[in-house]
Amino acid sequence: MFENLSEKLQRSFKTLRGQGTLTDENINDALREIRLALLESDVNLNVAKDLIEHIRTKALGSQVATALSPAEQIVKIVRDELVEVLGRDTARFKFASQPPTVILMAGLQGSGKTTTSGKLAQWLKKGGHRPMLVSVDVYRPAAREQLKVVAQSINAQIYEGDTKGEAAGTPLVERLAREARREAANYGCDILIVDTAGRLGIDEALMEEMALLKKQLNPSEILFVADAMTGQDAVNSAKAFNDKLTITGSILTKMDGDSRGGAALSIRQITGQPVKFLGTGEKSDAFEPFHPDRIVGRILG
Ligand code: GDP
């Protein structure tokens, strides 16, 4: 995770080794390298620009005598700015005041939405909750079946509902969602995780369906599941979902792959909503809350 970016940033700090003080010139040299490291790691252009400007302002402001070497000064500034870009504090997970808390999972097909619904359920179970899962992807029976397998593997409740003889469409989706919420209350489940229809791109009809689900279920969390391997595409989709639905956060999956890290560094700035979790593998426990400071620690060592 982040090895590539980490290596490139370390290289850019090297330009400052052996320098006595921070000068306009060596700051500019280092910034050029840092900018390149960010862009090569697929960080969004505007996010990279903002970051560089903030680092520049702070670096120019720290041209004073200090015990720190110029390289150490820049590393510290970059560290602080990266933490800022990632949202500084670990984002809180929101629960409803009246159970069940509803969580809507959104995302493109293949992003890892169903796997992540299971991971989130398991994480909540470990925290002493009783989650129930439901898939309202009535357009893909295989997706509903997949969630059932996931639920069984982690021993979580699932509401399947009866969909026989009913046309796949928004009315069926709304019925399943309504029944699932009732079932969750009946079973004493305090959380309902709703796995929604996957889509290949931004699909207006499915977006409308999500908006209706939001209205119907009043979810505490609308989490956008983004495949980190798809870099800027993931960030752009997150923005489109946020523009339409106002998401409450994102979950970045496949962080164990060789993604260059750009999505992780850009998605919060572009959507204005924090990254809440990371998916780091195919197994149900390959999942962790997103801590900005620890992530920056991984990037800068
Ligand atoms: P959905 O179509 O969005 O519901 O996506 P799925 O949950 O079916 O996941 C698509 C593929 O990505 C599956 O093969 C998952 O095992 C895999 N996957 C999901 N999350 C992760 C992750 O964090 N790391 C890795 N390596 N694979 C993942």
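Only a predicted model underlies this, so the values are computations on that prediction, with no experimental measurement involved.

Summing up its helical and strand segments, the protein chain has 11 helices and 8 strands in all. With the principal axes as the frame, the protein chain shows a C-alpha extent of 75 × 35 × 30 Å. Burial statistics for the protein chain: of 301 residues in total, 51% are counted as buried. For the protein chain, restricting intrachain contacts to residue pairs at least 6 apart in sequence, the fraction spanning at least 24 positions comes to 77%. In the protein chain, which carries 39 positive and 39 negative side-chain charges, the distance between the mean positions of the two groups comes to 3 Å.

Among the 17 residues in the neighbourhood of the ligand, the closest are listed as Gly110, Lys113, Thr115, Asp256 and Glu282. Between aspartate 256 and the ligand, the recorded distance is 2.7 Å, taken from a side-chain N or O atom to a nitrogen atom. Glycine 281 is positioned with one of its backbone polar atoms (N or O) 3.2 Å from an oxygen atom of the ligand. For the ligand, whose free accessible area comes to 580 Å², the fraction covered by protein is 79%. When atom positions are compared with the pocket grids, the ligand is found to occupy the largest pocket. The element best represented in the shell around the ligand is helix α5 (residues 113–126), accounting for 4 residues.

Attention shifts here to the sheet that holds strand β7 (residues 275–279). The mixed open sheet is built from 8 strands, whose spatial order is β3-β2-β4-β1-β5-β6-β7-β8. Single-partner strands in this sheet number two, and they are β3 (157–159) and β8 (287–289). Strand-to-strand, the axes of this sheet are offset by a mean angle of 25 degrees, without reference to chain direction. In the sheet, strand β1 (residues 101–107) pairs with strand β4 (residues 191–195) via 5 bridges, with the strands oriented parallel. Among the inter-strand pairings, valine 102 is bridged to a residue of β4, identified as leucine 192. Across the sheet, helix α6 (residues 141–153) lies against β2 (131–135), β3 and β4, angled at about 160 degrees from β2, the strand it touches most.

If you add up the space inside the largest pocket, you get close to 170 Å³. As for the largest pocket, its lining consists of Ser111, Gly112, Thr115, Thr116, Lys119, Thr253, Lys254, Asp256, Gly281 and Glu282. Counting residues per element, the lining of the largest pocket draws most heavily on α5, which supplies 3 residues. In the lining of the largest pocket, the residues fall into no nonpolar, 6 polar and 4 charged.

Further remarks concern the confidence of the model for the protein chain. Of all residues in the protein chain, 100% attain a pLDDT of 70 or more, and the chain-wide mean is 94. The ipTM value of the predicted complex is 0.99, and its pTM value is 0.94.

What counts and what doesn't
- Residues numbered from 1 in each chain as written.
- Predicted model: local features only at pLDDT ≥ 70, side-chain atom pairs only at ≥ 80, totals over all residues.
- Heavy atoms only, no water.
- Helix = DSSP H or I, 4+ residues; strand = E, 2+ residues; numbered from the N terminus.
- Buried < 20%, exposed > 50% of the residue type's maximum accessible area, 1.4 Å probe, protein only.
- Contact = heavy atoms within 4.5 Å.
- Lys, Arg positive; Asp, Glu negative; His and termini not counted.
- Charge placed at Lys NZ, Arg CZ, Asp CG, Glu CD.
- Near = heavy atom within 4 Å.
- Polar contact = N/O pair within 3.5 Å; in protein donor to acceptor, adjacent residues only side chain to side chain.
- Areas by Shrake-Rupley, 256 points an atom, 1.4 Å probe, with all protein chains shown as cover.
- 1 Å grid on protein atoms, 1.4 Å probe; cavity = no way out; pocket = protein on both sides within 12 Å on 5 of 7 lines; lining within 4 Å.
- Sits in = over half its atoms within 2 Å of the grid points.
- Pairing = 2+ DSSP bridges.
- Axes fitted to C-alpha atoms, helices over the stretch in contact; angles between N-to-C directions.
- Points joined across faces, edges and corners; volume = space filled by probe spheres on them.
- Nonpolar A, V, L, I, M, F, W, Y, C, P; charged D, E, K, R; others polar.
- pLDDT = per-residue confidence, 0-100.

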